[in-house]
Amino acid sequence: MIIRVVRMTFQEDRVNDFLALFDEYKEAIRNQPGCTHLELWKDIHQPNSYSTFSHWNTEEDLNNYRYSETFGKVWPATKVLFSDKPVAYSHEQVVKIS
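For clarity, every value in this text was computed on a predicted model and none was experimentally measured.

Give a description of the side chain of H55 that names residues and reports values.
For H55, the location among the structural elements is in strand 3 (residues 49–56). Using a relative accessible area of 17% as the deciding quantity, one classes H55 as buried. Ignoring anything within four residues of it in the chain, the contact list for H55 reads M1, I2, I3, G34, C35, T36 and H37.

Any chance you could break down the layout of surface pockets for me, citing the residues and the numbers?
Considered as a void within the structure, the largest pocket measures approximately 370 Å³ in volume. Around the largest pocket sit 20 residues that line it, and V6, T52, Y65, F71 and W75 are the ones nearest its centre. Broken down by secondary-structure element, the contributors of at least two residues to the lining of the largest pocket are strand 1 (2–9), helix 1 (15–30), strand 3, helix 2 (59–66) and helix 3 (69–79). Per-class residue counts for the lining of the largest pocket are 15 nonpolar, 3 polar and 2 charged.

Explain the environment of F82 to me, and be specific about the residues and the numbers.
Summarising the element assignment, F82 is placed in the loop between helix 3 and strand 4 (87–91). The class for F82 is buried, based on a relative accessible area of 13%. Remark: the alpha-carbon pair of F82 and M8, spanning 74 residues in sequence, is separated by 7.0 Å. Every residue in contact with F82, bar those within four places of it in the chain, is listed here: M8, T9, F10, Q11 and W75.

Help me get a handle on the nonpolar core, residues and values and all.
Looking at soluble globular proteins, one finds that nonpolar side chains tend to be buried together. Counting residues in each nonpolar core, the largest one holds 20 residues, and the members touching the most others are M8, F10, F18 and W56. Of all the secondary-structure elements, those providing two or more residues to this core are strand 1, helix 1, strand 2 (35–42), strand 3, helix 2 and helix 3. Top contributing element to this core by residue count: helix 1, with 6 residues. When near neighbours in sequence (up to four residues on either side) are disregarded, M8 contacts F18, N48, S49, Y50, T52, W75, T78, F82 and P86.

Can you lay out helix 2 for me, pointing to particular residues and giving the numbers?
Every buried residue belonging to helix 2 is among D61, L62 and Y65, and all of these are buried. One face of helix 2 carries all of its buried residues, which in axial projection span an arc of 100°. Helix 2 presents E59 and E60 as exposed residues on the side facing more than 90 degrees away from its buried surface. The elements touched by buried residues of helix 2 are strand 1, helix 1, strand 3, helix 3 and strand 4.

Cut-off values and rules
- Every chain is numbered on its own, with residues counted from 1 as its sequence reads.
- This being a predicted model, a pLDDT of at least 70 is required before a residue's local features are given, and a value of 80 or more before pairs of side-chain atoms are given or counted; all residues contribute to the totals for chains, interfaces and linings.
- With hydrogens and water stripped out, all remaining heavy atoms of the structure feed into the side-chain values.
- Runs of H or I in DSSP of at least four residues are treated as helices and runs of E of at least two as strands, each being numbered from the N terminus.
- Relative accessibility decides the category of a residue: with a 1.4 Å probe and only protein chains considered, values under 20% of the type maximum give buried, values over 50% give exposed, and everything between is partly exposed.
- It only takes one pair of heavy atoms within 4.5 Å for two residues to be counted as in contact.
- With a 1 Å grid laid over protein atoms only, a set of points is called a cavity when a 1.4 Å probe fits there but cannot get out and a pocket when it is open yet has protein on both sides within 12 Å along at least five of seven lines; lining residues have an atom within 4 Å of a point.
- Grid points are joined across faces, edges and corners, and a volume is the space filled by probe spheres set on the points.
- Residue type decides the class: Asp, Glu, Lys and Arg count as charged, Ala, Val, Leu, Ile, Met, Phe, Trp, Tyr, Cys and Pro as nonpolar, and the leftover types, Gly among them, as polar.
- Grouping buried Ala, Val, Leu, Ile, Met, Phe, Trp, Tyr and Cys residues that are joined through side-chain atoms within 4.5 Å yields what is termed a nonpolar core.
- Directions drawn from the helix axis to the C-beta atoms are what define this arc.

Don't take any of this as a statement about function, it's just geometry.
This is the structure:
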């Protein structure tokens, strides 16, 4: 499993535009082949900074999403709202303590 975190910082006056865009596409993203989990997080100290947190079965599934029609619509519309470059990380779980 791949755990993907993408941190995005938005122009303060464009946060609601991003939230509307995410709401419009969240189900399409979550229903991409190989995506098993999707969350949106808001930074508690920087209210115009959000992170997506997603689980993918394989890196190939994640890459297929990045070349999908959905990503082709979402990412260009999201990029224009940024105030800073996004930062993305891909992880594998090592230890889970419940």
